Amino acid sequence: MTQTTATTSAPATEHPWRALFALCIGFFMLLVDMTIVTVATPDIMSELGASANAVLWVTSAYMLTYAIPVLIMGRLGDRIGPKWVYLAGLAVFTASSLWCGLAHNIESLVAARAVQGLGAAMMTPQTMATITRIFPADRRGSAMALWGATAGMATLVGPLAGGLLVAAGGWEWIFFVNVPIGIIAIVLNWWLVPVLETHQHTFDWLGVALSGLGMFCVVFGLQNGEKRGWDTLTWLLVAGGIAIMALFVWWQSRNRNEPLVPLQIFADRNFSVSSLAISCMGFAAVAMGFPLMLYAQLVRGYTALEASMLMVPMALVSFVAAPFVGRLTDRMHPRLLAGMGFFLCSVSLFWLTRPMTVDSAIWTLIAPVAVFGLGSAAVWSPLAATATRNLPMRQAGAGAGVYNATRLVGSVIGSAAVAVLIDLHLNAHGLGGALAGGHETAAGSAIPAAVASKFAGAMSDVMLLPAAALAVGFVAALFFTTPRHLAKRSDG
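What counts as what
- Counting restarts for each chain: residues are numbered from 1 in the order of the written sequence.
- The model is predicted, so local features are restricted to residues of pLDDT at least 70 and side-chain atom pairs to those at 80 or more, both for listing and for counting; the totals for chains, interfaces and linings are taken over all residues.
- Water and hydrogen atoms were dropped before computing side-chain values, which therefore reflect all heavy atoms in the structure.
- Numbering goes from the N terminus for both helices and strands, where a helix is a DSSP run of H or I of at least four residues and a strand is a run of E of at least two.
- Residue exposure (1.4 Å probe, protein chains only): buried if accessible area is under 20% of the type maximum, exposed if over 50%, otherwise partly exposed.
- The criterion used for residue contact is that any of the two residues' heavy atoms lie within 4.5 Å.
- Pairing of aromatic rings covers Phe, Tyr and the six-membered ring of Trp, with a centre-to-centre limit of 6.5 Å; geometry is then stacked below 30 degrees between planes, edge-to-face above 60, and tilted otherwise.
- Comment: the charge-over-ring label is applied if NZ (Lys) or CZ (Arg) is within 6 Å of the ring centre and within 35 degrees of the ring normal.
- Points on a 1 Å grid over protein atoms alone make up a cavity when a 1.4 Å probe fits among them but cannot get out, and a pocket when they form an open set with protein on both sides within 12 Å along at least five of seven lines; lining residues each have an atom within 4 Å of a point.
- Grid points are joined across faces, edges and corners, and a volume is the space filled by probe spheres set on the points.
- Following the grouping adopted for this structure description, the nonpolar residues are Ala, Val, Leu, Ile, Met, Phe, Trp, Tyr, Cys and Pro, the charged ones are Asp, Glu, Lys and Arg, and the polar ones are all others, Gly among them.
- Residue ranges for the domains trace back to a domain assignment, done automatically or taken from a database.
- Expected helix span is given by 1.5 Å per residue-to-residue step, counting one fewer step than there are residues.
- Fitting axes to the seven residues ending at a residue and to the seven starting there, one defines the bend at that residue as the angle between these axes.
- One side-chain nitrogen of Lys or Arg within 4 Å of one carboxyl oxygen of Asp or Glu is enough to make a salt bridge.
- Helix axes are fitted only over the stretch in contact, all axes being lines through C-alpha atoms; the angle between N-to-C directions runs from 0 to 180 degrees.
- Any angle that is under 35 degrees is reported as roughly parallel, and any over 145 degrees as roughly antiparallel; angles of 65 to 115 degrees are reported as roughly perpendicular and all others as oblique.
- Here is the rule for handedness: rotate from the far helix to the near one, and if that takes an anticlockwise turn smaller than a right angle the crossing is left-handed, while a clockwise turn gives right-handed.

As a further point, take the overall build of the protein. Each helix and strand counted, the protein has 21 helices and two strands in total. The buried share of the protein, taken over its 492 residues, is 57%. Considering only contacts in the protein between residues 6 or more positions apart, those separated by 24 or more positions represent 86%.

Written out as structure tokens, the structure reads:
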């Protein structure tokens, strides 16, 4: 049986925009850290004397400990209170960022990144759950627009911020910069975020164990499949993880007390569609960066910082468009808004494959990248607002946890899938050694002209993968039903 304990000393809607601003500071910081390490990889390898495989764990460890506990942390926020779980996660994230910057060997850095990912997992579901509970349904779209813009911008800003910080102070500063930001975020969240009522859930410990083990096997297998050459053990690990997750779903359907994931939330078609669509967006947001950055650095000869500047038009357009999208989110059917966003994103990547050649003009690359920014602004916030709009308040944490878990799993699958496709295309073009170190692959030093055209063609072909994932997201968006607040408005 669920009991509700009121723990608020002030109305939950008092100064909600201030609370949202405070939440978004920490949320932006942890999402940036998903991609910020990319451009610092050569410096980390050089200064810590680490191999390429070892450095892969700097990102893999973060993704593992971020993705696996998200479901659990969403439910924990319902039970303890989203403010307290968020603050605890923010403190863990900030302290582990300092540990990352002070690491003197690769083992210590990987361990610190694993703790950092745990802090991120504690924070992420609480942001979305708090927005759901402090904003009324007819204003939630505008609030989710800021949340969505934060998520979208963070995925784009990470490589650029990493390039600037590494150039200015070294790889340590991509972590040190989180410390003052984290401290400020802790103070603001303590001050501005309201204490919301809690729901005294019984904890589904078997569900926790099954979901954690299943997610670990799937994510670990996908993250390391390319490194292991997709051997039998890798496939057994992924297949075993899927089987355990199927057992987890069966247990959730049989649990008559309080399951970790109440399956009835999927009876809301908009929640199910949003979860599928955001996994497609997470897939594409990660997958598109790999071929684009490899093309820019190895074919065009850009430095890591110069290559990351290609993301600037995308980020600027997305930032400018987000407030307008937010206002439309409360007024337009999500099928129209999110569908248009997915359509623009997919078309922009198909378009981008055309100018990915050896000597194309820079504006021909910037134009489709900017269109992607416009499309992404119309995806993140409508999906987030629509996902939880119809859910009961007591299920806000569980819904936010599932929604964010699907986004993270989509990102992991996108990362693994694009790595496999790059390897296949390079081998098909006889370029299997093009990424095998040496001066030929150094940032800012283009590969030989004799193979540059083939390499550009391979990266252009790989870009079709995230474009296809976005097309799937477009189809999913067509199945949105009319949200309740719009239905009530039309009835009135």
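Let's pick the thread back up.
Attention shifts here to the packing of aromatic side chains. Considering all chains together, one arrives at nine aromatic pairs under this definition. On the numbers, 6.0 Å between centres and 55° between planes, the contact of Phe-343 with Phe-474 is tilted. Within this pair, whereas Phe-343 is found in helix H16 (residues 334-352), its partner Phe-474 is found in helix H20 (residues 464-477), the two being separated by 131 residues in sequence. Judged by its relative accessible area of 28%, Phe-474 is partly exposed. The ring of Trp-190 has Lys-83 lying over it, and the distance from NZ or CZ to the ring centre is 6.0 Å.

Take the layout of surface pockets next. Of the pockets and cavities examined, the second largest pocket occupies roughly 470 Å³. Residue lining of the second largest pocket: 17 residues in total, with Met-215, Met-245, Val-402, Thr-406 and Val-409 positioned closest to the centre. Of all elements in the fold, only helix H10 (205-224), helix H11 (232-254) and helix H18 (396-428) reach the threshold of two or more residues within the lining of the second largest pocket. The element contributing the most residues to the lining of the second largest pocket is H18, with six residues. Residue composition of the lining of the second largest pocket, by class: 14 nonpolar, three polar and no charged. There are two domains that each give the lining of the second largest pocket at least three residues, and those are domain 2 (205-259) and domain 3 (262-433 + 445-481).

Count 3.6 residues to each turn of an α-helix, and residues three or four apart come out pointing the same way. Between its terminal C-alpha atoms helix H15 (residues 312-329) stretches 25 Å, which fits the 26 Å expected from 18 residues at 1.5 Å a residue. At Ala-322, H15 is deflected by roughly 40°, the largest bend along its length, and proline Pro-323 occurs up to four residues later in sequence.

This part is about the pattern of salt bridges. This structure, assessed with the given rule, holds one salt bridge. Residue Asp-33 is joined to Arg-113 by a salt bridge in which the shortest nitrogen-to-oxygen separation is 3.6 Å. Separated by 80 residues along the polypeptide, Asp-33 in the loop between helix H1 (16-32) and helix H2 (41-48) and Arg-113 in helix H6 (residues 106-134) bring together distant segments of the chain. Neither Asp-33 nor Arg-113 differs from the other in exposure class; each is buried.

Glancing now at the packing of H1 against helix H5 (residues 82-102). Running from N to C, H1 and H5 cross one another at 40°; their axes reach a closest spacing of 11 Å. As judged from the angle between their axes, H1 and H5 are oblique. The handedness of the crossing between H1 and H5 is left-handed. Seen from H1, the contacting residues are Ala-22, Leu-23, Gly-26, Phe-27, Met-29 and Leu-30; seen from H5, they are Tyr-86, Leu-90 and Phe-93. Taken together, the residues that form the contact of H1 with H5 break down as eight nonpolar, one polar and no charged.

Another aspect to go through is the packing of H5 against helix H9 (residues 178-192). For the pair H5 and H9, the least separation of the axes is 9 Å and the interaxial angle reads 165°. As the angle between them shows, H5 and H9 are arranged roughly antiparallel. Here H5 and H9 pass one another in a crossing that is left-handed. Here Lys-83, Trp-84, Tyr-86, Leu-87, Leu-90, Ala-91, Phe-93, Thr-94, Ser-97 and Leu-98 of H5 lie close against H9, whose contacting residues are Asn-178, Val-179, Gly-182, Ile-183, Ala-185, Ile-186, Asn-189 and Trp-190. The residue inventory of the contact of H5 with H9, partitioned by class, reads 12 nonpolar, five polar and one charged.

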